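Structural features, examined
Here is how the chains run, residue by residue.
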Amino acid sequence: MKFSDYMSNWLYGENGYYSKYREIGKKGDFYTAVSSSQFFGGSIANLIIHLIKNKKLPENVSICEIGAHKGYLTADIIQFIWTLEPHLLKTLKFTIIERFEHLRNHQAQYLKESFGDEVQINILESLDNYKAEESFFFANELFDAFPCELFYKGKIATVHNHKVEFKNSAPKELKEIAKNFNMDKGEIGIGYYDFAFALSKSSKKFQFITFDYGDMFARSDFSIRIYQKHQVFPLFEEGLKLEELFGVSDLTYDVNFDFLKTEFIKAGIEFVEFKTQMKALVDFGIISLLELLKNNVDEKTYQSEMNRAKVLIDPAFMGERFKMIWFQKR
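This structure is a prediction, so every number in the text was calculated from the model and none was measured. (Residues numbered from 1 in each chain as written. Predicted model: local features only at pLDDT ≥ 70, side-chain atom pairs only at ≥ 80, totals over all residues. Heavy atoms only, no water.)

**Structural notes on the sheet that holds strand E10 (residues 225–228)**
If you trace the three strands from one edge of the open sheet to the other, you get E11-E10-E12, paired in antiparallel fashion. Every interior strand has two partners, whereas the edge strands, strand E11 (231–234) and strand E12 (250–252), have only one. On average, each strand axis in the sheet is tilted by 25° relative to the strand beside it, whichever way the strands run. Taken together, the three bridges between E10 and E12 define a ladder with antiparallel strand orientation. The residue of E12 that forms the bridge with isoleucine 226 is leucine 251. On top of the sheet, helix H1 (residues 3–12) reaches E10 and E12; it is set at about 145° to E12, its chief contact. (Pairing = 2+ DSSP bridges. Helix = DSSP H or I, 4+ residues; strand = E, 2+ residues; numbered from the N terminus. Axes fitted to C-alpha atoms, helices over the stretch in contact; angles between N-to-C directions. Contact = heavy atoms within 4.5 Å.)

In structure tokens form, the structure reads like this:
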């Protein structure tokens, strides 16, 4: 079995990690920006408002999250728009794209409890079901969960009985990718182009931003690792029993944003910018949002929210490790 198939089964198979509802945060296997602070969504909401005010997006733009877990990020964005520019909720359209039915059900219930009938939110199974004139797409930690092939000196990994081996010669196209990105070894994401193409077909015009860990270059090393109860295990750690971790822990790797950029451009989508999460959220207005909070709540509440938000932008935590990349179709 190719490693990409093994990873796909690990994460998305019938008994895969994401086939069941998983807690994120303190009680789960890992933290995300969304579980760390609502000001992550607030910053994206502030960006959307800024783009509308500057005529870069229409007031009836479709706001669409791809891969929303329980719907917290979409809810945070709606809540901040409600607070900052409530009139926009009369014209904006909201959609979530989520492949798993049980998560769609969780999202629908949570968003109904949060907003009642005040905000209409469509929840769809795939981009194939989504059509819009103009969209603002966003995602968080999406591409690190795309299956990948493991490449090592011209060979790709296969898996038999949960044992990873490099015996098979890599296909020509993977060797070309490795050569183009100066890779001797590492992960090659599968499906980036197909995703970009589906995105392009879904909307006549769009903006797409996503956050993930990785860099604008190939590390030429293996970053693939397993998260379980906030412990990290490199895939090739000696003595690791993959059969015991399969489907009950998260499997992920650093995104090669240069390769992602290349695949999006190949699909006819324009690259806009790439920056650290810290720089992106500051540019989106997280500091001004925290100042607004400070002026409207007591000191204890402010300090609590400030400490949570610091995790997003502190270089020692998520600020430098996570990156934002922005694409558009005009």
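**Some words on the layout of surface pockets**
Taken as a whole, the second largest pocket spans an internal volume of roughly 350 Å³. Elements supplying a minimum of two residues to the lining of the second largest pocket: helix H6 (172–180), strand E8 (185–189), helix H7 (192–202) and helix H9 (257–266). Here the residues of the lining of the second largest pocket are counted per class, giving 10 nonpolar, four polar and six charged. (1 Å grid on protein atoms, 1.4 Å probe; cavity = no way out; pocket = protein on both sides within 12 Å on 5 of 7 lines; lining within 4 Å. Points joined across faces, edges and corners; volume = space filled by probe spheres on them. Nonpolar A, V, L, I, M, F, W, Y, C, P; charged D, E, K, R; others polar.)

**A look at the pattern of salt bridges**
A complete count under the given rule lists 16 salt bridges for this structure. A salt bridge links aspartate 283 to lysine 275; the shortest N-O distance between them is 2.6 Å. For the salt bridge of lysine 279 with aspartate 283, the shortest nitrogen-to-oxygen distance reads 2.9 Å. Within this pair, lysine 279 and its partner aspartate 283 are both found in helix H10 (residues 277–284), separated by four residues, close to a single helical turn. Three or more residues are tied together by salt bridges with common partners; here these are Arg219, Arg225, Asp254 and Arg321. (Salt bridge = Lys/Arg side-chain N within 4 Å of Asp/Glu carboxyl O.)

**Quick word on the packing of helix H3 (residues 39–53) against H10**
Running from N to C, H3 and H10 point in directions that differ by 55°, and their axes come no closer than 8 Å. Relative to H10, the element H3 is oriented oblique. Here H3 runs over H10; the crossing is left-handed. Of the residues in H10, those touching H3 at Phe40, Ser43, Asn46 and Leu47 are Gln277, Leu281 and Phe284. Class assignment of the residues belonging to the contact of H3 with H10 gives a composition of four nonpolar, three polar and no charged. (Parallel < 35°, antiparallel > 145°, perpendicular 65-115°, else oblique. Left-handed = near helix turned anticlockwise from the far one by under 90°.)

**Details of empty space enclosed by the protein**
With the rule as written, the count across this model stands at two cavities of 30 Å³ or more. Space inside the largest cavity adds up to approximately 110 Å³. Among the secondary structure elements, those contributing two or more residues to the lining of the largest cavity are E8, strand E9 (203–215) and strand E13 (255–256). With three residues, E8 is the single largest residue contributor to the lining of the largest cavity. Along the lines of polarity and charge, the residues of the lining of the largest cavity split into four nonpolar, five polar and six charged. Of the volumes computed, that of the second largest cavity is approximately 60 Å³. Listing elements by their share of the lining of the second largest cavity, those giving two or more residues are E8 and E13. The biggest single contributor to the lining of the second largest cavity is E8, with three residues.

**Topic: the sheet that holds strand E6 (residues 155–160)**
Strand pairing in a sheet takes place through backbone hydrogen bonds and is either antiparallel or parallel in direction. Pairing is antiparallel in the open sheet, where four strands are placed in the order E7-E6-E5-E8. The open sheet has two edge strands with one neighbour each: strand E7 (163–169) and E8. On average, each strand axis in the sheet is tilted by 40° relative to the strand beside it, whichever way the strands run. Where H6 meets the sheet, its contacts fall on strand E5 (148–152), E6, E7 and E8, and the angle it forms with E5 comes to roughly 70°.

**Things to note about the packing of aromatic side chains**
In this structure the tally under the stated criterion is 37 aromatic pairs. Between the aromatic rings of tyrosine 17 and tyrosine 18, the centroid separation amounts to 5.1 Å while the plane-to-plane angle is 75°, which identifies the pairing as edge-to-face. Between phenylalanine 143 and phenylalanine 195, the aromatic rings sit 5.3 Å apart at their centres with planes inclined by 90°, giving edge-to-face as the arrangement. Taken together, the residues span a long stretch of sequence, with phenylalanine 143 in the loop between strand E4 (132–140) and E5 and phenylalanine 195 in helix H7 at a distance of 52 residues. Grouping residues by exposure puts phenylalanine 143 and phenylalanine 195 together as buried. (Phe/Tyr/Trp six-rings, centres within 6.5 Å; stacked < 30°, edge-to-face > 60°. Buried < 20%, exposed > 50% of the residue type's maximum accessible area, 1.4 Å probe, protein only.)

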